[in-house]
Amino acid sequence: MKETLIHQAYEIAKERYAELGIDTEKVLEQLQNFHLSMHCWQADDVKGFEVQAGSLDGGIAVTGNFPGAARNIDELRADILKAKSLIPGNHRLNLHEIYGDFQGKVVDRDEVTVDHFKSWIEWGKENKTPLDFNSTSFSHPKSGSLSLSNPDEGIRKFWVEHSKRCREIADAMGKAQNDPCIMNTWVHDGCKDVSVNHYLYRETLKKSLDEIFAEKKDWMKDCIEGKIFGMGLESFTVGSQDFYTAYAAKNNMMMTIDTGHYHPTESPADKVSALLQFIPELMLHVSRPVRWDSDHVTIMDDTTQELFAEIVRAGALEKVHYGLDFFDGSINRIGAYVIGSRSAQKCMTKALLEPRGIISGHELAGDTFEVLQLIEEGKTMPWNAVYDEFCVRNNVPVGNDIIGAIKEYEKTVLANR
């Protein structure tokens with residue numbers, strides 16, 4: 001009965017959008033090809049599997065102690081597959097280096113190799129889940145406040161070697177899956193209080209990046225990510241947005257837009273059309289900033305909706321890669337995955353259903369009233385009926401039906417950890 005009502009609602013929505021020249025069947029095809037890169041670190045609060053791992057540091061933190069966090073690689077993989085089963089479409093997995101299959105052995109970060117990720121590569125193939133990758137500069141005895149920008153040559157070289165090895169791993173992942181692996185480089189480097197060596201730190205960071213990216217890889221794509229500040233590093237960030245924008249443009253590299261890494265009055269959406277004039281592609285890390293925390297679960301807020309709308313308006317669907325980057329230990333972690341992922345998909349659904357050709361024509365003709373009217377009316381058009389149909393066609397629960405599936409997993413699996 002419910003599925004019948006969903007199909008009926010979709011048929012009505014299909015007719016209404018057709019009046020605006022929108023083909024909802026085409027939109028459903030586009031959604032099927034909209035692949036999120038789910039982040040592994042939501043399932044275990046960014047702990048990873050290093051034997052020598054310490055407490056989380058480096059300008060980030062996870063709050064909450066909801067029962068059932070993944071404790072090992074098998075539990076984490078099971079949680080990710082459970083989350084994927086509740087999200088329509090097929091998606092990628094984004095790994096940090098600290099999630100290697102280290103088999104209980106101590107492996108320092110300048111010693112990591114492809115061998116430590118062979119089981120992940122096989123898992124990705126078996127589960128039709130392409131992999132993306134990240135170097136990991138935080139939560140390590142040599143992290144401190146500075147890693148790649150550290151004037152101590154020994155520490156700097158340690159992190160350069162780590163980053164080079166991560167690129168080799170990413171390249172092997174991409175080759176094995178016959179699909180380029182996107183590797184993100186983000187370091188926490190900064191200062192908690194007043195400092196005077198800003199130029200030195202940035203000069204050192206540039207030197208390190210030049211060394212890391214000197215060798216071209218065929219099966220991976222590099223992206224670099226800035227930040228406004230990190231907790232405990234509030235006064236100065238070496239890898240600021242200005243620094244990485246300039247570096248990416250000069251070196252024709254991909255840049256990461258993390259929606260939680262900007263000043264509250266900045267618009268991440270506005271950066272899409274600006275950056276794509278000078279760099280080839282963008283990577284997104286979609287999260288939700290709340291005051292000083294940048295990593296709350298993604299919801300359908302104005303920032304995320306406008307970001308996805310701007311990507312579609314710019315005709316940049318093939319130039320943007322869509323990663324998630326939130327970590328919340330205060331709620332059911334599978335629920336966090338599913339809410340965040342489906343919210344991102346809903347934002348894309350709305351964006352794809354916008355009659356941008358009509359709106360653009362009015363704007364270019366100077367018809368400002370019509371532009372505003374069409375945009376406002378689009379907010380209450382039946383886009384949700386299209387998304388519900390998308391869920392049905394992918395055999396995943398619709399709407400609040402996800403609650404029962406997640407609570408059952410919590411009862412039978414998470415509660416036993």
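Residues numbered from 1 in each chain as written. Predicted model: local features only at pLDDT ≥ 70, side-chain atom pairs only at ≥ 80, totals over all residues. Heavy atoms only, no water.

**Student:** It is not clear to me how the overall build of the protein should be interpreted in this structure. Could you clarify?
**Tutor:** The secondary structure content of the protein amounts to 14 helices and 12 strands. Taking 417 residues into account, the globule formula puts the C-alpha radius of gyration at 22 Å, and the protein, at 22 Å, falls close to it. Dimensions of the protein along its principal axes, counting C-alpha atoms only, are 65 × 55 × 40 Å. At a minimum sequence separation of 6, the contacts of the protein that also span at least 24 residues come to 81%. On the protein, roughly 18,500 Å² of surface is accessible, and the fraction owed to carbon and sulfur atoms is 51%. (Helix = DSSP H or I, 4+ residues; strand = E, 2+ residues; numbered from the N terminus. Rg over C-alpha atoms; globule rule 2.2 N^0.38 Å. Contact = heavy atoms within 4.5 Å. Areas by Shrake-Rupley, 256 points an atom, 1.4 Å probe, with all protein chains shown as cover.)

**Student:** Mind showing me how you'd approach the packing of aromatic side chains here?
**Tutor:** One pair of aromatic rings is described through two measures. These are the centre distance and the angle between the planes. By the definition in use, this model includes 13 aromatic pairs. Considering the side-chain rings of F138 and W186, the 6.3 Å spacing of their centres and the 55° angle between planes classify their relative orientation as tilted. Taken as a pair, F138 in the loop between β3 (131-134) and α5 (153-177) and W186 in the loop between β4 (181-185) and β5 (190-191) lie far apart in primary sequence, 48 residues in all. Relative accessible area serves as the criterion here: at 2%, F138 is assigned to the buried category. Owing to a relative accessible area of 10%, W186 belongs among the buried residues under this scheme. Among the aromatic residues, those joined into a cluster by ring pairs are F213, F243, Y244 and Y247. Sitting over the face of the ring of W120, R77 holds its NZ or CZ atom 4.2 Å from the ring centroid. (Phe/Tyr/Trp six-rings, centres within 6.5 Å; stacked < 30°, edge-to-face > 60°. Buried < 20%, exposed > 50% of the residue type's maximum accessible area, 1.4 Å probe, protein only. Lys NZ or Arg CZ within 6 Å of the ring centre and 35° of its normal.)

**Student:** Sorry, what's going on with the nonpolar core here?
**Tutor:** Generally speaking, a soluble globular protein has its nonpolar side chains buried in company with each other. Formed by 69 residues in total, the largest nonpolar core has its most connected members in L284, F308 and Y322. When residues of this core are assigned to their parent elements, the largest contribution, seven residues, is made by helix α13 (residues 383-393). Residues contacting F308, with those up to four places away along its chain left out, are F34, L284, V286, Y322, A344, C347, M348 and A351. Residues C40, L93, L131 and W186 belong to the second largest nonpolar core, which totals 43 residues. (Core = buried A, V, L, I, M, F, W, Y, C linked by side-chain atoms within 4.5 Å.)

**Student:** Looking at this structure, I do not really get the pattern of salt bridges. What am I missing?
**Tutor:** Note on pairing: side chains with opposite charge can pair once their charged atoms come close. This model, assessed by the stated rule, comprises 28 salt bridges. Notably, a salt bridge pairs K2 with D401, separated by 2.9 Å at the nearest N-O pair. Here the residue K2 occupies a position in helix α1 (residues 2-18), and D401 occupies one in helix α14 (residues 401-412), the gap between them amounting to 399 residues. On the basis of relative accessibility, which here comes to 44%, the residue K2 falls in the partly exposed class. Three or more residues joined by partner-sharing salt bridges are found here, namely R71, E75, D79 and R417. (Salt bridge = Lys/Arg side-chain N within 4 Å of Asp/Glu carboxyl O.)

**Student:** How should I be thinking about helix α10 (residues 333-352) in this particular structure?
**Tutor:** One turn of an α-helix holds 3.6 residues; hence residues three or four places apart share an orientation. Taking 1.5 Å as the rise per residue, α10 with 20 residues should run 28 Å; its terminal C-alpha atoms sit 29 Å apart, in good agreement. The buried fraction of α10 amounts to 18 of the 20 residues, a majority that puts the element mostly inside the structure. At the N-terminal boundary of α10, the capping side chain belongs to N332, with an oxygen 2.9 Å from the backbone nitrogen of I334. (Expected span 1.5 Å × (residues − 1). Polar contact = N/O pair within 3.5 Å; in protein donor to acceptor, adjacent residues only side chain to side chain.)

**Student:** For this particular structure, what's the right way to read the side chain of N134?
**Tutor:** Tracing the chain through its elements places N134 in strand β3. Other than its neighbours up to four places away in sequence, N134 contacts W41, N94, L95, H96, E97, C166, M183, N184 and H285.

**Student:** How do you make sense of the pairing of β3 when you look at a structure like this?
**Tutor:** Each regular strand shows side chains that alternate between the opposite faces of the sheet. In β3, alternate side chains face the same way, and those of L131 and F133 on one face and D132 and N134 on the other are all buried. Where strand β2 (residues 92-96) and β3 come together, four bridges link them in parallel fashion. Across the sheet, N94 pairs through a bridge with D132, a residue of β3. In terms of handedness, the path from β2 via helix α4 (residues 118-126) over to β3 forms a crossover that is right-handed. (Pairing = 2+ DSSP bridges. Right-handed = clockwise from strand over helix to strand, strands pointing away.)

**Student:** Explanation requested: the packing of α1 against helix α2 (residues 24-32) in the structure shown.
**Tutor:** As a packed pair, α1 and α2 sit with axes 9 Å apart at the nearest point and diverge in direction by 110°. It follows from the interaxial angle that α1 and α2 lie roughly perpendicular. Residues Y10, A13, K14 and Y17 of α1 form the contact with α2, whose own contacting residues are T24, E25 and L28. Here the contact of α1 with α2 is composed, by residue class, of four nonpolar, one polar and two charged. (Axes fitted to C-alpha atoms, helices over the stretch in contact; angles between N-to-C directions. Parallel < 35°, antiparallel > 145°, perpendicular 65-115°, else oblique. Nonpolar A, V, L, I, M, F, W, Y, C, P; charged D, E, K, R; others polar.)

**Student:** Can you walk me through the sheet that holds strand β9 (residues 282-286) in this structure?
**Tutor:** Sheet strands pair by backbone hydrogen bonding; their relative direction is either parallel or antiparallel. Strands sit in the order β1-β2-β3-β4-β6-β8-β9-β12 around a closed barrel of eight strands; the barrel is parallel. Along the sheet, successive strands turn relative to each other by an average axial angle of 30°, direction set aside. Sitting on the sheet, α5 is in contact with β2, β3, β4 and β6 (220-225), with an inclination near 160° to β4. Here α10 sits on the sheet in contact with β1 (36-39) and β12 (320-324), set at roughly 160° to β1.

**Student:** Sorry if this is basic, but what is going on with the pairing of β1 here?
**Tutor:** Side chains L36 and M38 of β1 all project onto a buried face; the interleaved residues S37 and H39 project onto the opposite face, where all are buried too. Two strands pair when backbone bridges link them, and β1 and β12 are joined in this way by two bridges, in the parallel orientation. Bridge pairing in β12 places S37 opposite G323. Relative to β2, β1 runs parallel, the two sharing three bridges. Looking at the pairing, M38 lines up with L93 of β2.

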